[in-house]
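Structural characterization, general
Listed below, chain by chain, are the residues.
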Amino acid sequence: MAELKEADAAQLHQEDVDIKHGGDASSAGDKAADQAEKTEGVADSDAKPSTTTSDRHISIQTKLEGLEVLVDLNGAGRKSCPLCPEEKFKACYSHKLRRHLQNLHWKVYVEFEGQMMCICHLPCRNLKPSLSGDQASGRHVAHYHCVVCSVTIARKTDMISHLKRHVNKGETEASYSGSSDMQYEEPAPSGQPYEIMKELGTNVQLLPNHTTPQKSDTYFNRKMKTNRQLVFCSLAVLAEERSPIECLDAFGATGIMGLQWAKHLRSAVKVTITDISDTCVKMIKENCELNNIRVDGGSRGPRGPEVATSEVEGTPIATVEVVKMDANVTMHLWPFDYIHLDPFGTAVNYLDAAFRNIRNLGIISVSSTDTSSLYSKSPNVTLRHYGCHIIRTEYYKELAARMVVDTVSRAAARCNKGIEVLLAVALEHFVLVVVRVLRGPTQADESTKKLRKLVHCQWCEERVFLKKGNMVDETLPCNCHGSMPGKTAVQLGPLWSGPLFNTGFLRRMLSAAVKHSMDDIQPLVKTLICESDCTTLKSLVHGSSALSNQVECGVVIKTLKSGEESGQAEQSGKRKSGEESGNVLKRMKCEASLEHPPFYYSIHRHSIRGMNMPKLNKFLQYLTEAGFRVSRTHFDPTGVRTDATLEQFKSVLTKYSVPTNISVPQTSVSMDKTL
């Protein structure tokens, strides 16, 4: 039987050879021409001593025919695969070997600049040891040969990533390429290809790996656009109080935030962008040229008065100081009016330096992106960084915001400074806290008095800040500790127990957002204003000129009419005097309204089983009619901020919920049909 099968295979091979030779005479001529062209290419490549085709590995080809040329498939008899060892793939006839080369080696190739890197099974790499640790009994690993550096890599995805690193380094020419007719993308001035992104009228260059902070110094996150716009509006409000102000973007990366400040606020701000990476500093300077902004050398000398210039081609519209220095060193050396901290992860390592040299009534904004520790996913990391004990609750986002404010307040108190929280936002990707710095030990003492422990019931999720001298179970208004066996309450914190918003500051932020056409954050700022006053209906006034009313989501908004400006007089470039600073303090006291209730309740978390709860807007109306202060919250779309206790909240929810059983209306309809 074995002899019969071998005879049949030989007959099939002979028929294949006859068809190959007798089918078309022109194909032989074409193959000869192709072979002549290949020899000419080899001759041309031999003229280059550094990149010869003879040095190229046989698994790197430009066409499938290149693999078939390695073996004489037209000859009779069995042939061995040129890319597999004898023990892996035994010799076979031409028709089977052709399918093997096409389906195994060529089908999974990796392409780079016209060169196809096929998979290779030859013993080019070290043996992979077996489970027993014996290398001799191991097996050879399939791999690819890099066309640039000739290194061997096992996986296809790893080879693709390896080639991308070559592209990022500017090594785009294949070391074994025989021709130089390939079209390459023109590299950036820094030697790396880039793409240009535009945000808020500012252009920045982005490297191909800008979304991976571990692989790129110039990290850029498109999802942080809301964060950048909120920071910009807070800086614009401060620029209205004093002018010019010195502001610092402590972690420049691409420099987009500092460039937006300089491009839109012009002479009202003196922007300093710092970063410790040479790549980032070079990229920031290139982005300044891209936006027609003059770069200061970073000598930190006295700047001359900036004259307002029109956007004429070739004339810088603003000046930005770019410094290559550690953020802590920069903040220790020079004073600033506005400091923004946005490191990769937590910002606790930079708070002491920020409060050391901030000017009185200055503003510090802190962006924390370590959401795993802030949102109770890594409690051990939370305890190390923030010194707080927290657990996962229904109000975990506000818990994270109060925890960051607590850390900021303690850092300010170490420098004999107090804080006033202007804004605290916790969204999916970040927690942003904006505070105003108040100098003096008295202000520091007032801030530290607002740091308290929180008592949280793990059964019903009732919560209340712990007062000094009270027992834990006696503080909670619920009766879970008496009706449930065991301990139901736990202490969390310490946390910030004061307000998280300043209504007057948020109103002026909304005015700045309207002025600079930031439509994306206007609904968020409106929600924050209503949340700060704990109301569902509020008139948001900005500007002193004619106003037009606008109703959105139950909130009356007054916006400026087109073509009219606020009409405020231009301020001089001198510093604010003591009387003007006192006026700012008086205005801050006037803007501080009644404190909003801490935390919120989720209507879905406390819904009653078997009952259909009312719509959220209707439920807010029911709570207002019951005499409670109520508002929605940006922390949770289903959350309700109210001064009612959990028992009162549940009683109103139960009163206006209807049973899910609607059999009575169905029976009435059926009886009508029978009649």
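Residues numbered from 1 in each chain as written. Predicted model: local features only at pLDDT ≥ 70, side-chain atom pairs only at ≥ 80, totals over all residues. Heavy atoms only, no water.

**Describing the overall build of the protein**
Selection criterion: Strands are runs of DSSP state E lasting at least two residues, helices are runs of H or I lasting at least four, and both sets are numbered from the N terminus onward. Burial here depends on accessible area, computed with a 1.4 Å probe over protein chains only, as a share of the maximum for the residue type. Under 20% is buried, over 50% is exposed, and the range in between is partly exposed. The criterion used for residue contact is that any of the two residues' heavy atoms lie within 4.5 Å.
Counting its secondary structure elements, the protein contains 22 helices and 25 strands. Counting over 675 residues, the protein shows a buried share of 45%. Taking contacts inside the protein between residues at least 6 apart in sequence as the whole, the part at least 24 apart equals 65%.

**Thoughts on the pairing of strand S6 (residues 195–199)**
Moving residue by residue along a regular strand, the side chains alternate between the two faces of the sheet. We apply this condition: Paired strands, in this sense, are two strands between which DSSP finds at least two bridges.
Direction of pairing for S6 relative to strand S7 (residues 202–206): antiparallel, over a ladder of 5 bridges. Bridge pairing in S7 places Ile196 opposite Gln205. Between the antiparallel neighbours S6 and S7 lie 2 residues, among them Leu200 with a positive phi of about 55 degrees.

**Details of the packing of aromatic side chains**
As a reminder of what qualifies: Stacked, edge-to-face and tilted are the three classes for Phe, Tyr and Trp ring pairs, Trp counted by its six-membered ring, which pair at centre distances within 6.5 Å; planes under 30 degrees apart are stacked, over 60 edge-to-face, the rest tilted. Counted as over-ring charges are cases with an Arg CZ or a Lys NZ within 6 Å of the ring centre that also lie within 35 degrees of the ring normal.
Counted by the stated rule, this structure contains 10 aromatic pairs. Ring centres 5.2 Å apart and planes at 35 degrees place the aromatic pair Tyr601 and Phe649 in the tilted group. Taken together, the residues Tyr601 in strand S21 (residues 601–602) and Phe649 in helix H21 (residues 646–655) connect sequence positions 48 residues apart. On the basis of relative accessible area, Tyr601 is assigned to the buried category, the value being 6%. When its relative accessible area of 0% is taken as the criterion, Phe649 is described as buried. Over the aromatic face of Phe599 sits the side chain of Arg402, whose NZ or CZ is 5.2 Å from the ring centroid.

**What to know about the sheet that holds strand S24 (residues 639–642)**
On the basis of which strands lie adjacent, the open sheet formed by 3 strands has the order S21-S24-S23 and antiparallel pairing. The open sheet terminates on both sides in strands that have one partner only, identified here as S21 and strand S23 (630–632). Here S21 pairs with S24 via 2 bridges, running antiparallel. Its bridge partner lying in S24, Tyr601 is registered against Val640.

**A look at the packing of helix H17 (residues 503–515) against helix H18 (residues 522–533)**
Selection criterion: Only the stretch in contact is used when fitting a helix axis, every axis being a line fitted to C-alpha atoms; angles between N-to-C directions are given from 0 to 180 degrees. Working definition: roughly parallel below 35 degrees, roughly antiparallel above 145 degrees, roughly perpendicular at 65 to 115 degrees, and oblique for all remaining angles. Crossings are sorted by hand: turned counterclockwise from the far helix by less than a right angle, the near helix makes the crossing left-handed, and turned clockwise it makes it right-handed. Note on residue categories: nonpolar means Ala, Val, Leu, Ile, Met, Phe, Trp, Tyr, Cys or Pro, charged means Asp, Glu, Lys or Arg, and polar means any other residue, Gly included.
Packing of H17 against H18 leaves a shortest axis separation of 9 Å and a crossing angle of 165 degrees. In this view, H17 runs roughly antiparallel relative to H18, as classed from their interaxial angle. Seen from above, H17 lies across H18 with left-handed handedness. Residues Thr503, Leu506, Arg507, Leu510, Ala513 and Val514 of H17 form the contact with H18, whose participating residues are Gln522, Val525, Lys526, Leu528, Ile529, Ser532 and Asp533. Class assignment of the residues belonging to the contact of H17 with H18 gives a composition of 7 nonpolar, 3 polar and 3 charged.

**Here we look at the pairing of strand S18 (residues 489–496)**
When you tally the buried positions in S18, you get 6 out of 8 residues, the bulk of the element. Both strand S16 (residues 451–457) and S18 contribute to a ladder of 6 bridges, which runs antiparallel. When the bridges of S18 are listed, His456 appears paired with Val490.

**Observations regarding the pattern of salt bridges**
Our working rule: Salt bridges are counted wherever a side-chain nitrogen of Lys or Arg sits within 4 Å of a carboxyl oxygen of Asp or Glu.
Counted under the stated rule, the structure contains 15 salt bridges. With a closest N to O distance of 3.2 Å, Arg402 and Glu398 form a salt bridge. Of the two residues, Arg402 and Glu398 are both situated in helix H13 (residues 396–413); the distance of 4 residues between them amounts to about one turn of the helix. Of the residues examined, Glu398 reaches a relative accessible area of 0% and is grouped as buried. Within the structure, one salt-bridge network assembled from shared partners comprises Glu398, Arg402, Glu531 and Arg641.

**With respect to the side chain of Ser373**
As a reminder of what qualifies: Polar contacts here mean pairs of N or O atoms no more than 3.5 Å apart (in protein, one a potential hydrogen donor and the other a potential acceptor; neighbouring residues in sequence count only if both atoms are side-chain atoms).
Turning to its location among the elements, Ser373 is positioned in helix H11 (residues 371–374). Since its relative accessible area comes to 2%, Ser373 is described here as buried. One polar contact links Ser373 to Asp370, side chain to side chain, over a distance of 2.9 Å. Not counting residues within four places of it along the chain, the set of residues in contact with Ser373 comprises Ser378, Val381, Thr382, Tyr386, Ile390 and Met403.

**A word on empty space enclosed by the protein**
This is how it is decided: Using a grid of 1 Å spacing that covers the protein atoms alone, one calls a set of points a cavity when a 1.4 Å probe fits there but cannot get out, and a pocket when the set is open and has protein on both sides within 12 Å along at least five of seven lines; lining residues are those with an atom within 4 Å of a point. Grid points are joined across faces, edges and corners, and a volume is the space filled by probe spheres set on the points.
Within this structure, the stated rule accounts for 1 cavity of 30 Å³ or more. Space inside the largest cavity adds up to approximately 30 Å³. Forming the walls of the largest cavity are Thr346, Ala347, Val348, Leu351, Val366, Ser368, Tyr386, Val404, Thr407 and Val408. Going through the elements one at a time, strand S13 (358–368) and H13 are the ones with two or more residues in the lining of the largest cavity.

**Overview of the environment of Phe501**
Summarising the element assignment, Phe501 is placed in the loop between S18 and H17. Judged by its relative accessible area of 6%, Phe501 falls in the buried class. Apart from the residues within four sequence positions on either side, Phe501 is in contact with Val421, Leu422, Ala424, Leu506, Leu528, Glu531, Ser532, His596, His634 and Phe635.

**So, the environment of His516**
Mapping His516 onto the fold places it in the loop between H17 and H18. Sequence separation between His516 and Ala236 is 280 residues, and the spatial gap between their C-alpha atoms is 9.8 Å. When sequence neighbours within four positions are dropped, the list of residues in contact with His516 reads Leu200, Phe232, His264 and Leu265.

**Regarding the confidence of the model for the protein**
Going by this rule: Known as pLDDT, the predictor's per-residue confidence is scaled from 0 to 100.
A residue-level look at the protein finds 70% of positions with pLDDT of 70 or above and a mean pLDDT of 78. Within the model, the stretch residues 1–6 combines pLDDT values under 50 with 2 contacts to residues more than four positions away or in other chains. A low-confidence stretch, residues 19–54 (pLDDT under 50), is modelled with 17 contacts involving residues beyond four sequence positions or located in other chains.

**Overview of the sheet that holds S16**
Overall, antiparallel pairing links the 3 strands, which are arranged S17-S16-S18 in an open sheet. Each of the sheet's edge strands pairs with one partner strand only, and the pair in question is strand S17 (463–465) and S18. Between one strand and the next, the sheet's axes are offset by a mean angle of 25 degrees, whatever the strand orientation. Relative to S17, S16 runs antiparallel, the two sharing 3 bridges. When the sheet's bridge partners are listed, His456 is paired in S17 with Arg463.

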